[in-house]
Amino acid sequence: MLETVYSQKMKLLLDRLRCRIQLPDQFADLENRRGVLPAQALDMRRSVRLYCPGKLLIESFASLPSVPRNHQYVVGYSVDISSTGIRFLHDTELYPGEQVTLWTSAQQLTCTVIRCRRLNELCFEIGASFTDEDPNAESPQDVENPEHDRGHQGEDFLN
């Protein structure tokens, strides 16, 4: 029952927020990718990565003293996941050490940003590791005006 309530609330929030990411050509077929990511020659990963394309909510807040941020929710897009971390797309640059909470259709994930790479003006590829911290929240808060920054205009991402 709780899973159903969580899923319904996530769907409502995702429908209410606009994704501002401009998808680069290299991710044009992302929604069709499935299975294990192929290993690369110098890949020294600790665990296997699986494609998991889909929308998610990114909750950001001021977690680094030198990076002032307002508490906000934005729509992002997951790329792949492993047992230790996740790669996702965001419309804003994040810095190593920042903490974010990702709200997927199934669960809440607290992460620490490890790397960030700019793909275009409105798309950053973020690599984050899962933290051991459990925020003990059951679902995202209702936000009256979730899009604090209305400077970005564009089409919804993969809708």
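Residues numbered from 1 in each chain as written. Predicted model: local features only at pLDDT ≥ 70, side-chain atom pairs only at ≥ 80, totals over all residues. Heavy atoms only, no water.

1. So, the overall build of the protein chain
Next up, step 1: Summing up its helical and strand segments, the protein chain has one helix and six strands in all.
Next up, step 2: Reading the protein chain from its N terminus to its C terminus gives the helix and strand order α-β-β-β-β-β-β.
Next up, step 3: When each of the 159 residues of the protein chain is scored for burial, the buried share is 42%.
Next up, step 4: At a minimum sequence separation of 6, the contacts of the protein chain that also span at least 24 residues come to 63%.
Next up, step 5: Element-wise, carbon and sulfur atoms account for 48% of the exposed surface of the protein chain, whose accessible area totals about 9,400 Å². (Helix = DSSP H or I, 4+ residues; strand = E, 2+ residues; numbered from the N terminus. Buried < 20%, exposed > 50% of the residue type's maximum accessible area, 1.4 Å probe, protein only. Contact = heavy atoms within 4.5 Å. Areas by Shrake-Rupley, 256 points an atom, 1.4 Å probe, with all protein chains shown as cover.)

2. Focus on the sheet that holds strand β5 (residues 108-120)
The strands making up a sheet associate through backbone hydrogen bonding, with each pair oriented either parallel or antiparallel.
Next up, step 1: Overall, antiparallel pairing links the six strands, which are arranged β1-β2-β3-β6-β5-β4 in a closed barrel. Recorded for the sheet is a direction-independent mean angle of 45° between the axes of neighbouring strands.
Next up, step 2: In this structure, β5 lies alongside strand β6 (residues 123-130), joined through eight bridges in antiparallel fashion. What sits directly across from Asn 120, in β6, is Cys 123. (Pairing = 2+ DSSP bridges. Axes fitted to C-alpha atoms, helices over the stretch in contact; angles between N-to-C directions.)

3. Here's the deal with the layout of surface pockets
Empty space among the atoms becomes apparent when a probe as large as a water molecule is rolled across them.
Next up, step 1: Counted as a void, the largest pocket has a volume near 370 Å³.
Next up, step 2: As for the largest pocket, its lining consists of 16 residues, of which Arg 45, Thr 84, Gly 85, Ile 86 and Ala 128 are closest to the centre.
Next up, step 3: Secondary-structure elements contributing two or more residues to the lining of the largest pocket are β3 (85-90), β5 and β6. (1 Å grid on protein atoms, 1.4 Å probe; cavity = no way out; pocket = protein on both sides within 12 Å on 5 of 7 lines; lining within 4 Å. Points joined across faces, edges and corners; volume = space filled by probe spheres on them.)

4. Overview of a nonpolar patch on the surface
Next up, step 1: A cluster of nonpolar side chains, contributed by Val 36, Val 48 and Leu 50, occupies part of the molecular surface with about 260 Å² of accessible area.
Next up, step 2: Tracing the sequence through the fold places Leu 50 in strand β1 (residues 50-60).
Next up, step 3: Its relative accessible area of 40% is what places Leu 50 among the partly exposed residues. (Patch = residues over 30% accessible without salt bridge, like charges linked within 9 Å, V, L, I, M, F, W, Y side chains within 5 Å. Salt bridge = Lys/Arg side-chain N within 4 Å of Asp/Glu carboxyl O.)

5. Section: the environment of Thr 92
Next up, step 1: Within the secondary structure layout, Thr 92 lies in the loop between β3 and β4 (99-103).
Next up, step 2: The class of Thr 92 is partly exposed, set by a relative accessible area of 25%.
Next up, step 3: Spatially, the C-alpha atoms of Thr 92 and Arg 118 are 9.1 Å apart, while their sequence positions differ by 26 residues.

6. Comments concerning the environment of Leu 37
Next up, step 1: Secondary-structure assignment places Leu 37 in the loop between α1 (2-16) and β1.
Next up, step 2: For Leu 37, a relative accessible area of 11% corresponds to the buried category.
Next up, step 3: A sequence separation of twelve residues divides Leu 37 from Arg 49, and the C-alpha atoms of the two residues are 5.7 Å apart.
Next up, step 4: In this structure, Leu 37 is in contact with Arg 49, Leu 50, Tyr 51, Asp 80 and Arg 87, ignoring residues within four places of it in sequence.

7. Re the nonpolar core
Generally speaking, soluble globular proteins have nonpolar side chains that are buried together.
Next up, step 1: Counting 19 residues, the largest nonpolar core has Leu 30, Leu 57, Val 75, Leu 89 and Trp 103 as its most contacted members.
Next up, step 2: Leu 56, Ile 86, Leu 94 and Cys 111 belong to the second-largest nonpolar core, a separate cluster that totals 14 residues. (Core = buried A, V, L, I, M, F, W, Y, C linked by side-chain atoms within 4.5 Å.)

8. Remarks on the confidence of the model for the protein chain
Next up, step 1: With 79% of its residues at a pLDDT of 70 or more, the protein chain shows a mean pLDDT of 81.
Next up, step 2: Overall, residues 135-139 carries pLDDT values under 50, and its contacts beyond four positions in sequence, including any with other chains, amount to eight contacts. (pLDDT = per-residue confidence, 0-100.)

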